[in-house]
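Results of the structural survey
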Amino acid sequence: MRKAGWIGWLGLAALGALALHQVCLGALPTLPTPWTTTRTEASALALEQIAKLGPPVPNPYVVVHLDGDPLFERRLQLSAPRPPSRLLSRVAAWEVLVYPRGVTREEWTYRVEISLQGEVLSLNRRVEENEPGASITEVDARREAATFLTAQGVDLALLKRPEIRRRQLAARTDSTVRYPALDGEI
């Protein structure tokens, strides 16, 4: 008789766990799953990727932390009952910052965002404003950006024509090439 009581309670606990799982999925529709990349793996991947952007930082200070984008998450919640998984990967991601020794948090040299599934979401290199640089035309900037993205496996057919933003600094002009998403994409 006591054995039957335990089996009933065990069954009730299993049903409760299943119900809790369903409630969590409904309450947290933007929770990125599956989480397959650890902090250590994100750090190693980021250090591998920064070699594509420029020279390595000697004896670097590497900071890895989990970062979220609450505004993007809210936009996804308002856009659809269950947003596409490719967009969910951008709600929470590993942020890897690489610094030279002895600088402040805002003076990182490289910044890499890696999804919880191990996909590189962004690569950034910070260049000092007074550092000189060579001039580049808009056509060359577009071509170099397209070559770089294609080498990274990005299908440019899924993106709109790139936009160029230029910013005049004391020793150079910075060019930013941005590829907007196609209509209907977030």
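Along each chain, the written sequence defines residue order, and numbers are assigned to residues from 1. Given that the model is predicted, a residue must reach a pLDDT of at least 70 before its local features are reported, and side-chain atom pairs must reach 80 or more before they are shown or counted; all residues, however, enter totals for whole chains, interfaces and linings. Where side-chain values are given, they derive from all heavy atoms of the structure, hydrogens and water being excluded.

Some words on the nonpolar core
The biggest cluster of nonpolar side chains holds 14 residues, and the ones touching the most others in it are Trp94, Val112 and Ile114. Of all elements in the fold, only helix H2 (39-49), strand E2 (92-99) and strand E3 (110-115) reach the threshold of two or more residues within this core. For this core, the leading source of residues is E2, giving four residues. Ignoring any residue separated from it by four or fewer positions in sequence, one finds Ile114 in contact with Ala42, Leu45, Ala46, Ala93, Trp94, Glu119 and Leu121. We define the nonpolar core as a collection of buried residues of types Ala, Val, Leu, Ile, Met, Phe, Trp, Tyr and Cys that are connected through side-chain atoms lying within 4.5 Å of one another. Accessible area is worked out with a 1.4 Å probe on protein chains only. A residue is then buried under 20% of its type maximum, exposed over 50%, and partly exposed in between. Secondary structure elements are taken from DSSP: a helix is a run of H or I of four residues or more, a strand is a run of E of two residues or more, and numbering for both begins at the N terminus. The contact definition used throughout considers only heavy atoms, calling two residues in contact when any of these lie within 4.5 Å.

Some words on the pattern of salt bridges
A pairing counts as a salt bridge when a side-chain nitrogen of Lys or Arg comes within 4 Å of a carboxyl oxygen of Asp or Glu. The tally for this structure, following the rule as stated, stands at seven salt bridges. Glu128 is the salt-bridge partner of Arg126, the closest N and O atoms lying 3.2 Å from each other. Classification of Arg126 as partly exposed rests on a relative accessible area of 27%. Its salt-bridge partner being Arg172, residue Asp174 comes within 2.5 Å of it at the nearest N-O pair. Judged by relative accessible area, Arg172 falls into the buried class, the value being 10%. In the salt-bridge network here, residues are joined through shared partners; they are Glu95, Arg111 and Glu113.

A word on the side chain of Gln49
Tracing the backbone shows Gln49 in helix H2. Among all residues touching Gln49, those that are not within four sequence positions of it are Val120, Leu123 and Gln152.

With respect to the pairing of E3
In terms of burial, E3 is largely enclosed, as five of its six residues are buried. Any two strands with at least two DSSP-identified bridges between them are counted as paired. Note that E3 and strand E4 (residues 120-125) share five bridges and pair antiparallel. Bridge assignment links Val112 to a residue of E4, and that residue is Leu123. Counted between consecutive antiparallel strands, the loop separating E3 from E4 contains four residues, among which Gly118 sits at a positive phi close to 95 degrees.

Focus: the environment of Val103
Following the sequence through the fold, Val103 ends up in the loop between E2 and E3. It is 9.6 Å that separates the C-alpha atoms of Val103 and Tyr61, two residues lying 42 residues apart in sequence.

By themselves, these figures tell us nothing about what the structure is for.
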